[in-house]
Amino acid sequence: MLSLPDFRRLCILKGIYPHEPKHKKKVNKGSTAPRTFYLMKDIRFLLHEPIVGKFREYKIFVRKLKKAYGKTEWSTVERLRENKPTYKLDHIIKERYPSFIDALRDIDDALCMCFLFSTFARTGKCHVQTIQLCRRLSVEWMNYVIASRSLRKVFISIKGIYYQAEVMGQLITWLVPYQFSHDHPTDVDYRVMATFTEFYTTLLGFVNFRLYHSLNLLYPPKLDAKTQSELKEEDEEDYAMDSESYIEKLSALSASLARVVSSADEEDAELDQFPVEGEDMEKMEAREKEQKQQEAQRKMFQGLKFFLNREVPRESLAFVIRCFGGEVSWDKSICIGSTYDVTDETITHHIVDRPNIDKQYINRYYIQPQWVYDCVNAKILLPVEDYFIGVTLPPHLSPFVEEKEGDYVPPEKLKIMALQRGEKPANEQEEDNDEEEEEDEDDEEEEEEDDNADEEEDDEEEAEEKNLKEMEDKRSQGKSLQVKVTPGKVKVENPARLEQEEKAEEKRLAIMMMKKKEKYLYDKIMFGKKRKVREANKLAAKRKAHDDAEKAKKKKARK
Amino acid sequence: MAAARRLKRVAASQPGFLTLKPSLNPSDLVSGRRKRVNKNKKKNWNKHSDINDVEEFLEDVRHQERTTGGLLSEKSDDSLFFLDIGQPKKAEQKVEEPVETKKRKGKASRPLRIDLILQHDSLIPPAKDVLAYQQPNAKKLRRIAQKAEQLAAKGVVPRRQRQLLNRRPVDRTAKKSATEANNNPDREYYDIWGQESKESADPWYLQQTGKKHVKRPEKLNEKPSVLPAVEVIAPGGSYNPDFLSHQALLQEAHDVEVKKQKQEDKLERQLAFNKEDKATEETVLREQVEGLVEEENEEEEAAANDDEEEVAVGAIALAEKKTERQRKRERAEKIKEQQRLANRKQTDQQQQLFQLRSIKASIKQREQKTKANQIKRKAKQEAQKSQPRRLGKLKFQPQDLEVQLSNELAGSLRQLKPEGSILKDRFKSLQKRNLIEPRDRAKFKRRLKVKYVEKRAFKEIT
């Protein structure tokens, strides 16, 4: 009835997967030869599919076409080609994903495939139409994420760029390959991938439609009329043909989309705070705080103007920057859709990836592209100094790693967390100054950077200890202390701190009162728990050793 | 006689006729005696009238018409003559322009000879083709057309046209296949989840007519694997990784390599072969010569073997039949044994009452063991779920870890060299999540065996 490749295609489209039986011998009638098994029920269900008829028609079409070619009847060939049997997958999608949220849950895979296929070269290996459709859908998706400001995490790896966005409560992760890497491996079955892509493009198209309508945007997307008139240039024909210039402008990601019901200004109305049942004030306040943080995060780059130099990945950076409210432009010769030129005075950040750059404007920062990505992951604007041209960049940490208590936390991450909390590394600078009075003063600035990484968080206690030590030293030396009697200050007692201390006391007493056997068990449990902490300490010590070794090396190299 | 004379005359009148006598003139021969001809007869008008002058005149007229397009006498004076006033200044400019055109066109200014040959060389316009203007039914057709015009002016339309207009327009579905194709880049999408299902008709009717939608089995909605669709690479895979996470990733890759190396070593060890066991020439010789040389040693060995065998044979021959006494004894013993066992069992049961505590302890132990086993089995099942299942002929081969060595790490995004292919990664991910079975590239299988034949030239050499 159906040929084997057709059957496999149908299984992929319908979402029927091979099944591994528990008792292979029974199913295989005594032999243990490895075979692929499908459930009978699934196959019977498959037969009710109307696409099966379309497959048969296609087989007949191919046969007739071959005959016509063989007889060189070109008019017949044309006629057959015009009436080629086609099918649509809409009903399958409705069947597999009865609700929109189901579709959103499965959209990861679809996005990865679409982005992957849109980077393929347009040779005849797979249909060029599929590649074009994938490109269109991926551009639409990116525009949606920009319009809804839902990007949360970015990670640049050696494989590709991982993005994570939060859409309608679902966390969606997808992987985008680099534009310039392409060696197609030979052991990948292209037909299988093409079938998957066929299904996923349809799914993504419908999801895009729904998402656009949820945001009150026109679908298929149209550029906003105002911005479109700005973009109109005289030499537009240099970039693309008229038919393609629209999608090229859309894919430039520099313009905003038109809405169904156009609103003149976007006013973020303050939503009324309704307490959810069962929540007390604390939780509500926490939620409010979180929401405010999210709002602040979404507008992180608002007001900043970026300019991308030629050698940085334009699409990725444009996407990320626009997702957080910034404005971005690039050189006219790279791509269509650049809004302002390099000579614009209001540019605040210029993103460069070269070792040096000739002409430097004063009122803008020249930074490397990692700054943008690290800011997104840290959810705040990081200090720009670490990312200047020619500076060794801090490592790009993965935002997908969630450290539990006691795990090793790399010092860079600690620094970022400190910045998030608002503490500036001011205390650390004091200590550094003391240490470096003995060393060369020329190296002060560099050393500070290195030492900052080594410092711990509890600076207050250390400062106190240091003071006491100094006082003791002075006393031992016989100098008179500069201590004066001053009226006492009322120490504000922190009630929270007191509570904590009380609880700790109670715990200690309870431990003391345990029986020997119980204490033995308790010790064992604690040992197991603290294993992680011990490992983290070990790793930290290793890191310190490594950093010290580097410092020593640098010093030697300079001297 | 008259005929012969006529013949002579005709022959003589031919031009170039030579007489035998050179002094004789052929025309004299002809016009010796002129025969009298009646010029009034129609028969003789053609033969004996001299129309040369008229012919000349007409010829001249035709010549004039051919060359100049009309009679010279009818032409105006201006067309034939011009007044030569000398060379005006305009002539210089005029001369320049044609020279320029000549210079510009060059050889192209002269028309081709072939075109010249094909042109008419007489100025008389060619005659019109009368047949082209002849239509057999011209009048009738004209009349019909006029009548039709009059009717159309009134509004009456002939039947054929009425039928054409009434026919419904054909939906030109040219290239419909291209627009309806699933991967058409301009295809339309609509709100698939917004519309309610249109099954409003009677379910019995739908079932009988085959229009009922078959329900999708619930089991198909479950995902075949708990793994997430996109697995993010470890933090050591960043393009600018943190030192320790990079080391951790390198360690993992190193472990994999060590494992592979160990397996290879194991295989080699298993295949290893003790060199001493290899046959030397001495042992080969001995093996070949066995049975042919050294007969004395054989006899001694054979004698020793015989003695041992006899003793064994003796022991077997003494077994006899059992007597009645023996059978009775055996029966009594059996009964005794059974009784003993029954007693023992009873006492055991009674004593169990006192062993309750230890029994309880042993039961508890067993329960603990079964519980532990259950937990282990469950944990194993859970672990199995995240493993790729064995679905086909090939086992799942996980791809190599994507890792860049320390000296390959790029300092900046510009110098980054991507590692690994995302196409392969996606393919393997699909296999890992049990969506497809692991497949290998199709091998080329020959249907017919290949026969190797040496060429004759080769046969001579070898």
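Conventions adopted
- Residues numbered from 1 in each chain as written.
- Chains lettered and ligands numbered in written order.
- Predicted model: local features only at pLDDT ≥ 70, side-chain atom pairs only at ≥ 80, totals over all residues.
- Heavy atoms only, no water.
- UniProt positions renumbered as here; feature names shortened; annotations may be inferred.
- Helix = DSSP H or I, 4+ residues; strand = E, 2+ residues; numbered from the N terminus.
- Buried < 20%, exposed > 50% of the residue type's maximum accessible area, 1.4 Å probe, protein only.
- Areas by Shrake-Rupley, 256 points an atom, 1.4 Å probe, with all protein chains shown as cover.
- Contact = heavy atoms within 4.5 Å.
- Pairing = 2+ DSSP bridges.
- Axes fitted to C-alpha atoms, helices over the stretch in contact; angles between N-to-C directions.
- Core = buried A, V, L, I, M, F, W, Y, C linked by side-chain atoms within 4.5 Å.
- Buried area = accessible area lost by both parts, 1.4 Å probe.
- Salt bridge = Lys/Arg side-chain N within 4 Å of Asp/Glu carboxyl O.
- Polar contact = N/O pair within 3.5 Å; in protein donor to acceptor, adjacent residues only side chain to side chain.
- Patch = residues over 30% accessible without salt bridge, like charges linked within 9 Å, V, L, I, M, F, W, Y side chains within 5 Å.
- Lys, Arg positive; Asp, Glu negative; His and termini not counted.
- Charge placed at Lys NZ, Arg CZ, Asp CG, Glu CD.
- Right-handed = clockwise from strand over helix to strand, strands pointing away.
- pLDDT = per-residue confidence, 0-100.
- Parallel < 35°, antiparallel > 145°, perpendicular 65-115°, else oblique.
- Nonpolar A, V, L, I, M, F, W, Y, C, P; charged D, E, K, R; others polar.
- Arc of directions from axis to C-beta.
- Left-handed = near helix turned anticlockwise from the far one by under 90°.
- Phe/Tyr/Trp six-rings, centres within 6.5 Å; stacked < 30°, edge-to-face > 60°.

The name given to chain B in an unreviewed UniProt entry is Ribosome biogenesis protein NOP53, and the organism recorded there is Amphiprion percula. What UniProt records for chain B under Function (unreviewed entry) is the sentence "May play a role in ribosome biogenesis." UniProt's Sequence similarities (unreviewed entry) comment on chain B is quoted here verbatim: "Belongs to the NOP53 family."

Chain A is annotated in an unreviewed UniProt entry as Pescadillo homolog from Amphiprion percula. Quoted verbatim from the Sequence similarities (unreviewed entry) heading of the UniProt record, the comment on chain A is "Belongs to the pescadillo family."

Novice: How should I be thinking about the overall build of chain B in this particular structure?
Specialist: Per the secondary structure count, chain B includes 19 helices and zero strands. Taken across its 462 residues, chain B has 14% of its residues classed as buried. In the form shown here, chain B has an accessible surface area of approximately 43,800 Å², with 52% of it arising from carbon and sulfur atoms.

Novice: What is the right way to look at the overall build of chain A in this model?
Specialist: Scanning chain A for helices and strands turns up 21 helices and seven strands. Here chain A, with 559 residues, has 39% of them falling under the buried criterion. A separation of at least 24 residues holds for 60% of the contacts in chain A among residues at least 6 apart in sequence. Of the accessible surface of chain A, which amounts to about 34,800 Å², a share of 51% is contributed by carbon and sulfur atoms.

Novice: Please explain the sheet that holds strand β3 (residues 170-177) of chain A as it appears in this structure.
Specialist: The strands that make up a sheet are held in pairs by hydrogen bonds between backbone atoms, and each pair lies either parallel or antiparallel. Residue and element names in this part refer to chain A. Within the open sheet, the three strands sit side by side as β1-β2-β3. Their pairing is antiparallel. Strands at the two margins of the open sheet, each flanked by one partner only, are β1 (151-156) and β3. The sheet shows a mean angle of 15 degrees between the axes of neighbouring strands, taken without regard to direction. Of the pairings in the sheet, the one linking β1 to strand β2 (residues 160-167) comprises five bridges and is antiparallel in character. If you follow V154 over to β2, its bridge partner there is Y163.

Novice: Hey, could you run me through the nonpolar core in this one?
Specialist: When a protein is soluble and globular, its nonpolar side chains tend to lie buried together. Counting residues in each nonpolar core, the largest one holds 118 residues, and the members touching the most others are A:W141, A:L151, A:W174, A:F301 and A:W371. When neighbours within four sequence positions are excluded, A:L151 is seen to be in contact with A:V145, A:Y163, A:Q164, A:A165, A:W174, A:F319, A:V320, A:C323 and A:F324.

Novice: Quick question: what am I supposed to make of the interface of chain B and chain A here?
Specialist: Many descriptions give the size of an interface as the accessible area lost when the pieces come together. The interface is formed by 72 residues belonging to chain B together with 108 residues belonging to chain A. Roughly 7,900 Å² is buried in total at the junction of chain B and chain A, and carbon and sulfur atoms are behind 63% of that figure. Counting the surface chain B buries against chain A, the share from its top three residues, B:Y189, B:W193 and B:L423, is 12%. Across the contact surface, chain B and chain A share 13 salt bridges. Between B:R389 and A:E20 there is a salt bridge, with its nearest N and O atoms 4.0 Å apart. Applying the counting rule to chain B against chain A returns 28 residue pairs in polar contact (both at pLDDT 80 or more). Listed by contribution, the elements that provide at least two residues to the side of chain B that touches chain A are α11 (176-180), α13 (243-271) and α18 (422-432) of chain B. Per-element tally for the side of chain B that touches chain A: the top contributor is α18(B), with seven residues.

Novice: Is there a simple way to think about the pattern of salt bridges in this case?
Specialist: Note that side chains of opposite charge can pair when their charged atoms are close. For the structure shown, the criterion picks out 33 salt bridges over all chains. For A:R210, the salt bridge identified is with B:D191, shortest N-O distance 3.4 Å. Here B:D191 lies in the loop between α11 and α12 (203-209) and A:R210 lies in helix α10 (residues 190-214), a pairing that spans two chains. Between A:D523 and A:K519 there is a salt bridge, with the nearest N and O atoms lying 3.9 Å from each other. Here A:K519 and A:D523 lie together in helix α21 (residues 516-558), a separation of four residues that amounts to about one turn. A single salt-bridge network, built from bridges that share partners, covers A:K14, A:E49, A:E95 and B:R216.

Novice: Is there a simple way to think about the environment of A:N377 in this case?
Specialist: Residue and element names in this part refer to chain A. By the element assignment, N377 lies in helix α15 (residues 370-378). For N377, a relative accessible area of 17% corresponds to the buried category. Residues N377 and F155 lie 222 residues apart in sequence; the distance between their C-alpha atoms is 8.2 Å. Contacts of N377, omitting those with residues within four sequence positions, involve K153, V154, H396, L397 and P399. Engagement of the side chain of N377 in a polar contact is seen with the backbone oxygen of V154, the distance being 2.8 Å.

Novice: What am I meant to see in the pairing of β2(A) here?
Specialist: Two faces, one strand: in a regular strand the side chains alternate between the faces of the sheet. All names here are of chain A. Within β2, seven of the eight residues are buried, which leaves the element mostly enclosed by the surrounding structure. As consecutive antiparallel partners, β1 and β2 are separated by three residues. In this antiparallel pair of consecutive strands, β2 and β3, the connection spans two residues, and M168 shows a positive phi of 50 degrees.

Novice: In this structure, what is going on with a negative patch on the surface? I would like to understand it.
Specialist: Residue and element names in this part refer to chain A. A cluster of like negative charges, contributed by E499, E501, E502 and E506, occupies part of the molecular surface. Topologically, E506 is positioned in helix α20 (residues 495-512). Residue classification places E506 among the exposed positions, given a relative accessible area of 53%.

Novice: Would you mind going over the sheet that holds strand β4 (residues 305-308) of chain A with me for this structure?
Specialist: All names here are of chain A. An order of β5-β4-β6-β7 is seen for the four strands of this open sheet, with the pairing classed as parallel. Among the strands making up the open sheet, the edge pair consists of β5 (327-330) and β7 (365-367). The mean angle between the axes of side-by-side strands here comes to 25 degrees, regardless of whether they run parallel or antiparallel. Two strands pair when backbone bridges link them, and strand β6 (residues 349-351) and β7 are joined in this way by three bridges, in the parallel orientation. Of the residues in β7, the one forming a bridge with I351 is I367. Contacting β4, β5 and β6, helix α14 (residues 314-323) crosses the sheet at an angle of about 160 degrees to β5.

Novice: For this particular structure, what's the right way to read the pairing of β5(A)?
Specialist: Residues and elements named next belong to chain A. In this sheet, β5 lies alongside β4 in parallel orientation, the contact comprising four bridges. Residue pairing across strands places F306 opposite V328, the latter belonging to β5. In the classification by handedness, the crossover that spans β4, the intervening α14 and the parallel β5 is right-handed.

Novice: Can you help me understand the confidence of the model for chain A in this one?
Specialist: For any part of a model where pLDDT is low, the fine detail of the predicted coordinates should not be relied upon. When pLDDT is averaged along chain A, the result is 80; 77% of the residues meet or exceed 70. Predicted confidence for residues 263-271 of chain A stays below pLDDT 50, and this span has two contacts to residues more than four positions away or in other chains.

Novice: I keep staring at the packing of helix α9 (residues 128-148) of chain A against α14(A) and nothing clicks. Help me out?
Specialist: The geometry of a pair of packed helices is captured by two quantities: the angle between their axes and the separation between those axes. Residues and elements named next belong to chain A. Between α9 and α14, whose axes approach to 8 Å, the crossing angle comes to 30 degrees. Taken together, α9 and α14 sit at an angle that is classed as roughly parallel. Counting all contacts with α9, which are made through R135, M142, V145 and I146, the residues of α14 involved are E315, F319, R322 and C323. Tallied by class, the residues present in the contact of α9 with α14 amount to five nonpolar, no polar and three charged.

Novice: How should the side chain of A:K14 be read in this particular structure?
Specialist: Relative to the helices and strands, A:K14 is located in helix α1 (residues 4-14). Within the structure, A:K14 has its side chain in polar contact with the side chain of A:E49 (distance 2.5 Å). At 3.1 Å, the side chain of A:K14 and the side chain of A:E95 are in polar contact. Setting aside its immediate chain neighbours within four residues, A:K14 contacts A:F45, A:L46, A:E49, A:I92, A:E95, A:R96 and B:R216.

Novice: Whenever I open this one, helix α16 (residues 411-421) of chain A confuses me. Can you help?
Specialist: In an α-helix, one turn spans 3.6 residues; hence positions three or four apart end up facing the same way. Residues and elements named next belong to chain A. All of the buried residues along α16 are P411, E412 and A418. Mapping the buried residues of α16 onto a view down its axis gives an arc of 120 degrees, with all of them on the same face. Taken from the residues just after α16, G422 is the one with a positive phi, measuring 100 degrees.

Novice: Help me understand the packing of α1(A) against helix α4 (residues 51-70) of chain A in this model?
Specialist: Residues and elements named next belong to chain A. Interaxial distance between α1 and α4 falls to 11 Å at its minimum, and their mutual angle equals 145 degrees. Like other packed secondary-structure pairs, α1 and α4 cross with a definite hand, here right-handed. In contact with D6, R9, L10 and L13 of α1, α4 contributes I51, V52 and F55. Each residue belonging to the contact of α1 with α4 can be placed in one class, and the counts come to five nonpolar, no polar and two charged.

Novice: Honestly, the packing of aromatic side chains in this entry has me stumped. Any pointers?
Specialist: Any aromatic ring pair is given by two values, namely how distant the centres are and how the planes are angled relative to each other. Residues and elements named next belong to chain A. Tallied over the entire structure, the rule returns 27 aromatic pairs over all chains. Arranged with centres 5.6 Å apart and planes meeting at 85 degrees, the rings of W141 and W174 form a pair that is edge-to-face. Of this pair, W141 sits in helix α9 while W174 sits in strand β3, and the two are 33 residues apart along the sequence. In terms of burial, W141 and W174 fall into one category: buried.

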